[in-house]
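Structural characterization, general
Letter by letter, the chains look like this.
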Amino acid sequence: MRITGRTRLAGIMGSPVSHSRSPALHNFWLDEYGVDGVYVPLAVAPDRLETALRALPALGFRGCNLTIPHKQAALAIVDSVEPMARRIGAINTVVVTADGKLTASNTDVFGFRENLRDCAPDWNAHAGPAVVLGAGGAARAIVAALIQEGVSEIRLVNRTSARAQAIAEDLADAKSAISVAAWAKRAALLEGAGIVVNTTSLGMTGEPDLGLDLAALPKTAVVADIVYVPLDTTLLTTARTRGNRVVDGLGMLLHQGRPGFEAWFGTPPRVTRELRASVLTTLSAAR
Ligand code: NAP
């Protein structure tokens, strides 16, 4: 990479930010497509977020991604927010427009949907109810993606029921019913399901396993885990062994970067085997 007088700038704001894989992702694409650009980690403390975001146009940045803990707070700072991101209550991608305004979206929705299309192309919204485990920030994007796909019944289950209830109230619409179940009932919810998605942090390195009994799940169902460290969670290995199709979390992470890259650098990027391998190296190096 060479920095020139015309190098386009983008980055990711977080606190901390050093764990983020987005610099590896975007700089891989910049190299691959020969774009004169650079994508940098930006350590921004929560009380400096507004100053930092407002400085983007002045510094000539094309935009940025946002990670923990800025995804919600930034909503109130940017100039315009895509409607679905507003309903989700979080943004992760900011684009500086030609007139210096900040427009924002949540590309986790796109990332999950595109990864599902890549890894389980024959799945469709009519395959049966969706079971979503977890009701944190990521769960909101997954539920929104399933609604956009046209799933008519979503069964949501979380350790803390009130958080699941809040998602049901914020996101349910005329075509998609969301029911909330008690955490202890999660295995029984799998009966007749077309897809199950783990959005909890259970199964991540350093966390307990999800420990979900899959006996009631049809073998035709898709099993997705958005945890990507490790890539092969116990949920996915168990599901694969009994014959279910599985979708791992790395693809969502890669696909969610596409809309931002295209907006900032002018080239639509592709998620390839080489990209996966390159970002995977950074995951195993961090373990
Ligand atoms: P979050 O907002 O902190 O939510 C964590 C979720 O996990 C909540 O539903 C929480 O339940 C549940 N949980 C945590 N510990 C639990 C336990 N011991 N028993 C039962 N439930 C437990 O986190 P997030 O941002 O949604 O992220 C969740 C996971 O998704 C993380 O592993 C993250 O790395 C991954 N992720 C992946 C991508 C991707 O692109 N692949 C994108 C975003 C996030 P309570 O509400 O009861 O606390």
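Turning our attention to the environment of Leu283. Relative to the helices and strands, Leu283 resides in helix H10 (residues 273-286). You can call Leu283 buried: its relative accessible area is 1%. Among residues more than four places away in sequence, those in contact with Leu283 are Arg21, Tyr228, Val229 and Leu250.

Close contacts around the ligand come from 21 residues, with Ala138, Asn158, Arg159, Thr160 and Arg163 the closest. At 2.8 Å from an oxygen atom of the ligand is found a side-chain nitrogen or oxygen belonging to Arg159. Residue Ile226 places a main-chain N or O atom 2.9 Å away from a nitrogen atom belonging to the ligand. Taking 920 Å² as the accessible area of the ligand by itself, protein coverage stands at 77%.

A large share of strand S1 (residues 8-14) lies buried, amounting to five of its seven residues. With seven bridges connecting them, S1 and strand S2 (residues 37-43) associate as parallel partners. Looking at S2, one finds that Ala10 is bridged to Tyr39. For the segment spanning S1, helix H1 (residues 22-33) and S2, crossover handedness is right-handed.

A separate point is the packing of helix H5 (residues 137-149) against helix H6 (residues 161-171). At a minimum axis separation of 11 Å, H5 and H6 run at an interaxial angle of 40°. Classified by the angle between their axes, H5 and H6 sit oblique to one another. Where H5 crosses over H6, the two elements pack in a sense that is right-handed. Residues Ala139, Arg140, Val143, Ala144 and Ile147 of H5 lie in contact with H6, whose contacting residues are Ala166, Ile167, Asp170 and Leu171.

Strand order in the open sheet made by the six strands is S9-S8-S7-S10-S11-S12, with parallel pairing throughout. Whereas interior strands pair on both sides, the edge strands pair on one side only; in this sheet they are strand S9 (177-182) and strand S12 (245-247). Between one strand axis and the next, the sheet turns through 20° on average, direction left out of account. With six bridges joining them, strand S8 (residues 153-158) and S9 adopt parallel strand pairing. Each residue of the ladder has a partner; that of Val157, found in S9, is Ala181. Together, strand S7 (130-133), S8, S9 and strand S10 (195-198) form the strand contacts of H5, whose direction differs from that of S8 by roughly 170°. Against the sheet, helix H7 (residues 234-241) touches S10, strand S11 (222-225) and S12, its axis set at about 165° to S11.

Conventions used here
- Residues numbered from 1 in each chain as written.
- Predicted model: local features only at pLDDT ≥ 70, side-chain atom pairs only at ≥ 80, totals over all residues.
- Heavy atoms only, no water.
- Helix = DSSP H or I, 4+ residues; strand = E, 2+ residues; numbered from the N terminus.
- Buried < 20%, exposed > 50% of the residue type's maximum accessible area, 1.4 Å probe, protein only.
- Contact = heavy atoms within 4.5 Å.
- Near = heavy atom within 4 Å.
- Polar contact = N/O pair within 3.5 Å; in protein donor to acceptor, adjacent residues only side chain to side chain.
- Areas by Shrake-Rupley, 256 points an atom, 1.4 Å probe, with all protein chains shown as cover.
- Pairing = 2+ DSSP bridges.
- Right-handed = clockwise from strand over helix to strand, strands pointing away.
- Axes fitted to C-alpha atoms, helices over the stretch in contact; angles between N-to-C directions.
- Parallel < 35°, antiparallel > 145°, perpendicular 65-115°, else oblique.
- Left-handed = near helix turned anticlockwise from the far one by under 90°.

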